[in-house]
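Examining the three-dimensional arrangement
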Amino acid sequence: ACFDYQPGQAVFVGRKNERAYPYSLASPPEEAYRTGCLEILSRVEHPDRDLIGSSAFLEVSGPVGQFTLPRELHPRERLVFIAGGTGIAPVRSMLRRVVTSTDCGVEVLYSARAPDEFPYESELQSMALSGRIRLWQTVTREPGTSWMGARGRIDETALQPFAVDP
């Protein structure tokens, strides 16, 4: 069963009687209602947080968080999303809502440590190729010779093209 939430919010997930951890919801609520599933993006760094492959039932509570889309978006409004690594999960939830229900101009600046660490990259590339978003990607660690895109952290220089004069 699904529950109401806003794109960008998170839930707490854990095994019964064990510690629950926050996970951003990676798809908007209309998709969760349609599929009957809540999609989260997990990057397991601690063995006690490994929920994948567990045969135990998981408890989900929430939603939590205020990092959400405004309730009303104005036509042709410009939206700029900035994400790093798995931080793309709440942004993806918002993007999927925006590109299917508004005429907003959408730009995404997305950073990861290495070229193979961009969750949802093919989906974002597809959105960019279809003209639904403008996508800029950068990697922060030495990516080897195969990466031809931008390098470095998202800093003031990287943000400059997105600035709007007041």
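Refer to the preceding data block for the structure.
Predicted model, so just to flag it, every value in this text is computed and none were measured.

This paragraph deals with a nonpolar patch on the surface. Taken together, the side chains of Val80, Ile82 and Leu159 define a hydrophobic patch exposed on the protein surface, amounting to about 200 Å² of accessible area. Within the secondary structure, Leu159 is located in helix 4 (residues 156-159). Taking the relative accessible area as the measure of exposure, Leu159 reaches 32% and is therefore partly exposed.

The strand order 2-1-3 describes an open sheet built from 3 strands, whose pairing is antiparallel. Among the strands making up the open sheet, the edge pair consists of strand 2 (21-24) and strand 3 (58-64). Strand-to-strand twist across the sheet, computed as the mean angle between neighbouring axes with direction ignored, equals 30°. Direction of pairing for strand 1 (residues 10-15) relative to strand 2: antiparallel, over a ladder of 4 bridges. Its bridge partner lying in strand 2, Val11 is registered against Tyr23.

This part takes up the packing of aromatic side chains. Applying the stated rule across the entire model yields 1 aromatic pair. With a centroid separation of 4.9 Å and an interplanar angle of 75°, the aromatic rings of Tyr110 and Phe118 are classed as edge-to-face. For the residue pair Tyr110 and Phe118, the accessibility class agrees, reading buried in each case.

Ranked by size, the top nonpolar core spans 25 residues in total, and within it Phe81, Leu95, Val106, Val108, Tyr110, Leu124 and Ile133 carry the most contacts. Mapped by element, the contributors of at least two residues to this core are strand 4 (78-84), helix 2 (88-101), strand 5 (105-112), helix 3 (121-129) and strand 6 (134-139). With 7 residues, helix 2 is the largest single contributor of residues to this core. Here Val106 is in contact with Leu79, Phe81, Leu95, Val98, Arg132, Ile133 and Arg134, once residues within four sequence places are set aside. In this structure, Val11, Tyr21, Tyr23 and Ala32 belong to the second largest nonpolar core, which totals 7 residues.

Right, let's get into the pattern of salt bridges. Between side chains of opposite charge, pairing is possible as soon as their charged atoms come close. Going through the model one piece at a time under the given rule, you end up with 9 salt bridges. Ionic pairing is found between Arg78 and Glu107, a salt bridge with its closest N-O pair at 2.5 Å. Of the two residues, Arg78 sits in strand 4 while Glu107 sits in strand 5, which places them 29 residues apart along the sequence. A residue is classified by how much of its surface remains accessible, and Arg78, at 35% relative accessible area, is partly exposed.

Conventions we followed
Residues numbered from 1 in each chain as written. Predicted model: local features only at pLDDT ≥ 70, side-chain atom pairs only at ≥ 80, totals over all residues. Heavy atoms only, no water. Patch = residues over 30% accessible without salt bridge, like charges linked within 9 Å, V, L, I, M, F, W, Y side chains within 5 Å. Areas by Shrake-Rupley, 256 points an atom, 1.4 Å probe, with all protein chains shown as cover. Salt bridge = Lys/Arg side-chain N within 4 Å of Asp/Glu carboxyl O. Helix = DSSP H or I, 4+ residues; strand = E, 2+ residues; numbered from the N terminus. Buried < 20%, exposed > 50% of the residue type's maximum accessible area, 1.4 Å probe, protein only. Pairing = 2+ DSSP bridges. Axes fitted to C-alpha atoms, helices over the stretch in contact; angles between N-to-C directions. Phe/Tyr/Trp six-rings, centres within 6.5 Å; stacked < 30°, edge-to-face > 60°. Core = buried A, V, L, I, M, F, W, Y, C linked by side-chain atoms within 4.5 Å. Contact = heavy atoms within 4.5 Å.

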